[in-house]
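# Coordinate analysis (summary)
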Amino acid sequence: MATTLDARQTAERLPWPALVDEIEALLQDLSVRVPERIVMPTAHGAVLFVMPGCDARVAMTKLISFTPANVGSATPTIQGDVTVFDVASGTRRLILDGPTITARRTAAVSALGARWLAPDTAGPMLIVGAGVQGRAHLEVFAQVLGVRRFRIASRSAASAQTLVDHAQALGLQADVVPDADAVLADCPLIVTCTPASGVVLRALPRVDAFIAAVGAFTPQMVELAPGLCRHVAACGRIVVDTREAEHEAGDLLQAGIDVGACPSLGDVVRAGQRDGRGPVLFKSCGWAGWDLAAARLAMRE
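These notes cover the structure that comes with them. (Residues numbered from 1 in each chain as written. Predicted model: local features only at pLDDT ≥ 70, side-chain atom pairs only at ≥ 80, totals over all residues. Heavy atoms only, no water.)

### Some words on the side chain of Glu139
Summarising the element assignment, Glu139 is placed in helix α4 (residues 132–145). The buried category is assigned to Glu139, whose relative accessible area is 15%. Leaving out residues up to four positions away in the same chain, Glu139 has contacts with Trp16, Arg104, His166 and Leu170. (Helix = DSSP H or I, 4+ residues; strand = E, 2+ residues; numbered from the N terminus. Buried < 20%, exposed > 50% of the residue type's maximum accessible area, 1.4 Å probe, protein only. Contact = heavy atoms within 4.5 Å.)

### A short note on the pattern of salt bridges
Summed over all chains, the structure comprises 19 salt bridges. A salt bridge links Asp267 to Arg270; the nearest nitrogen and oxygen atoms lie 3.7 Å apart. Residue Asp267 and its partner Arg270 are both found in helix α9 (residues 265–271); the two are separated by three residues, about one turn of the helix. Looking at Asp267, the relative accessible area reads 34%, which means it is partly exposed. Within this structure, Glu22, Asp29, Asp55, Arg296 and Arg300 form a network of salt bridges that share partners. (Salt bridge = Lys/Arg side-chain N within 4 Å of Asp/Glu carboxyl O.)

### A word on the sheet that holds strand β1 (residues 3–4)
As summarised here, the arrangement of the six strands in space is β1-β6-β5-β4-β3-β2, forming an open sheet in which the pairing is mixed. Because the sheet does not close on itself, it has two edges, and the strands there are β1 and β2 (38–41). Across nine bridges, the pairing between strand β4 (residues 58–66) and strand β5 (residues 78–86) is antiparallel. By the bridge assignment, Val58 is partnered in β5 with Asp86. Lying on the sheet, helix α3 (residues 98–117) is in contact with β3 (47–54), β4, β5 and β6 (92–97); it crosses β5 at an angle near 90°. Here helix α10 (residues 288–300) sits on the sheet in contact with β3, β4, β5 and β6, set at roughly 120° to β4. (Pairing = 2+ DSSP bridges. Axes fitted to C-alpha atoms, helices over the stretch in contact; angles between N-to-C directions.)

### Remarks on the sheet that holds strand β9 (residues 173–176)
Taken together, seven strands build an open sheet; the order of strands is β9-β8-β7-β10-β12-β15-β14 and the sheet is parallel. With one partner strand each, in any of the chains shown, β9 and β14 (237–240) form the two edges of the open sheet. Here the strands of the sheet are splayed against their neighbours by 15° on average, with no regard to which way each runs. Pairing geometry for strand β7 (residues 125–128) and strand β8 (residues 149–153), over four bridges, is parallel.

And the structure:
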């Protein structure tokens, strides 16, 4: 009989430091197998994702819906579950909350990218987008990388203030900024985690900047201006989360960048060479391997 965990229980099984370490370990595990995910458009601009993966001991499938029309409403944009199996027996062991898995593994991947690629992790950190992903990124960068100062930009002033209040409740420094571009020069760490319905960052980053762009995960979606992407490609480096970004990274594709020529996070980790050069753009589109890492950790926890 599988154990079903709600959002709170799922999060408790995925503490930030352990989750980041588990994702790093998965990238070096030769038993991991992850086929290309199924992305099936449904009605009203929504999408159904089917994302399986396994290693020598654990198999899982994430089944979630993404409904952009729910942005700004009480109904979540991401809904669904992650079902986890024991490979040896085929027994269904866990049913995890899909939105919680998505939020935590996405932010943890950004933190792992910063651990390996960011020239300066001291902060302050600019977070563009104050929803679920903004909150998750604030928490993981504080807990894993020790960032203490945050600047929050959002098209919703109320959402930005709510995230500032959350940061301050955690003992962190944070403030709302009305214009993300205006403070880009002050922030060596940046994450964009918006609904990706339009460009939210246009100014050029500082030479030691690390930008994690996570909101745009289809060719049509975009958060970063093409000129910003081309600047980083010319003056720094672009790293993608996985090879699937070749046909999903809207920011890069719309900038005319050869995504296939960009190294992946797995390439960086397996090479074992941290690079202090900047600016760095880490483009994250999502991968079932990240969900598998979360499932492995949840099974142990």
